[in-house]
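Structural characterization, general
So the chains spell out like this:
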Amino acid sequence: AEEESRLGIVLAAARISIGGVLVLAAIAQRLSGFDRRLQAIEGYRLVPRRMQPLILGLVTGAEMFLGPCLITGVHPRAINLITACYLLILAGAMAQALRQGIVTECGCFGALSAERVRWRLVTRSIILSAFLAADALLGARWALASGHETAVLVPLTILTLGQFLFDVESARRHLAGNRASLP
């Protein structure tokens, strides 16, 4: 029982830390401007240019939503599993870039980091996913927002949706403006 309690504390600390990293990543990306964020998405060569604003909005929106949910413990089992899947999708995107010999920045922290995609980053995302999945499977016991999920989720959802729509439309206009100025 004591060992299980220690494991629960370690997993809760991992969940909260991962949430903090996602919040930091979302803020760093927002401060980086559309050019850098769109270049990071384009660097993976996964989606056509016209879809990049949507991906930009989804990535930043996911991190803005999931990060605070992980920190506060809102619906921890579901949020842990959703975040684990999100991190595995990012790991898959990085792995496909590496397998194709694409050299690109990961884009994880916008202008705060110019780190290139490496197998170490793929491994890190998989390990973080495993921590979140283990926390979900073992019950994700510690939650700051326990009993107050609605008070966290409603404003967070409104903020995230507003930011998502703003990002997608602004990035779409940014791309359209760049195309118009090309010779």
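Residues numbered from 1 in each chain as written. Predicted model: local features only at pLDDT ≥ 70, side-chain atom pairs only at ≥ 80, totals over all residues. Heavy atoms only, no water.

**Regarding the environment of arginine 50**
Test applied: Each helix is a run of H or I in the DSSP string that is no shorter than four residues. Each strand is a run of E no shorter than two, and both are numbered from the N terminus. Classification of residues uses two cut-offs on accessible area relative to the type maximum, computed with a 1.4 Å probe and protein chains only: under 20% is buried, over 50% is exposed, and between them is partly exposed.
Here arginine 50 shows up in the loop between helix 1 (2-43) and helix 2 (52-72). On the basis of relative accessible area, arginine 50 is assigned to the exposed category, the value being 66%.

**With respect to the pattern of salt bridges**
Stated formally: By convention in these notes, a salt bridge is any Lys or Arg side-chain nitrogen within 4 Å of a carboxyl oxygen on Asp or Glu.
Taken as a whole and judged by the stated rule, the model has eight salt bridges. Here arginine 15 and aspartate 135 are joined by a salt bridge, their closest N and O atoms 2.5 Å apart. One end of the pair, arginine 15, is in helix 1; the other, aspartate 135, is in helix 4 (residues 119-137), and 120 residues separate them in sequence. The pair formed by arginine 15 and aspartate 135 is uniform in burial state, with each residue classed as buried. Residues arginine 173 and glutamate 169 are paired through a salt bridge, measuring 2.8 Å at the closest nitrogen-oxygen approach.

**Here's the deal with unusual backbone geometry**
The backbone of arginine 45 shows a phi angle near 55 degrees, a positive value even though the residue is not glycine. With respect to the helices, strands and loops of the structure, arginine 45 is situated in the loop between helix 1 and helix 2. Classification of arginine 45 as exposed rests on a relative accessible area of 60%. A positive phi is found at histidine 75, a non-glycine position, where the angle reads about 35 degrees. Within the secondary structure layout, histidine 75 lies in the loop between helix 2 and helix 3 (76-99). On the accessibility criterion, histidine 75 (41% relative accessible area) is partly exposed.

**Looking at the packing of helix 2 against helix 3**
Inclusion rule: In this analysis, axes come from line fits to C-alpha atoms, helices being fitted only over the stretch in contact, and the angle between any two N-to-C directions falls in the range 0 to 180 degrees. Should the near helix be turned anticlockwise from the far one by less than a right angle, the crossing is termed left-handed; should it be turned clockwise, right-handed. Residue contacts are counted whenever heavy atoms from the two residues lie within 4.5 Å of one another. When residue character is reported, Ala, Val, Leu, Ile, Met, Phe, Trp, Tyr, Cys and Pro are called nonpolar, Asp, Glu, Lys and Arg charged, and the others, Gly included, polar.
Running from N to C, helix 2 and helix 3 point in directions that differ by 145 degrees, and their axes come no closer than 10 Å. Helix 3 is crossed by helix 2, and the crossing has left-handed handedness. Two secondary-structure elements touch here, helix 2 through Val59, Ala62, Glu63, Phe65, Leu66, Cys69 and Leu70 and helix 3 through Ile79, Asn80, Ile82, Thr83, Tyr86 and Leu90. Grouping the constituent residues of the contact of helix 2 with helix 3 by class yields ten nonpolar, two polar and one charged.

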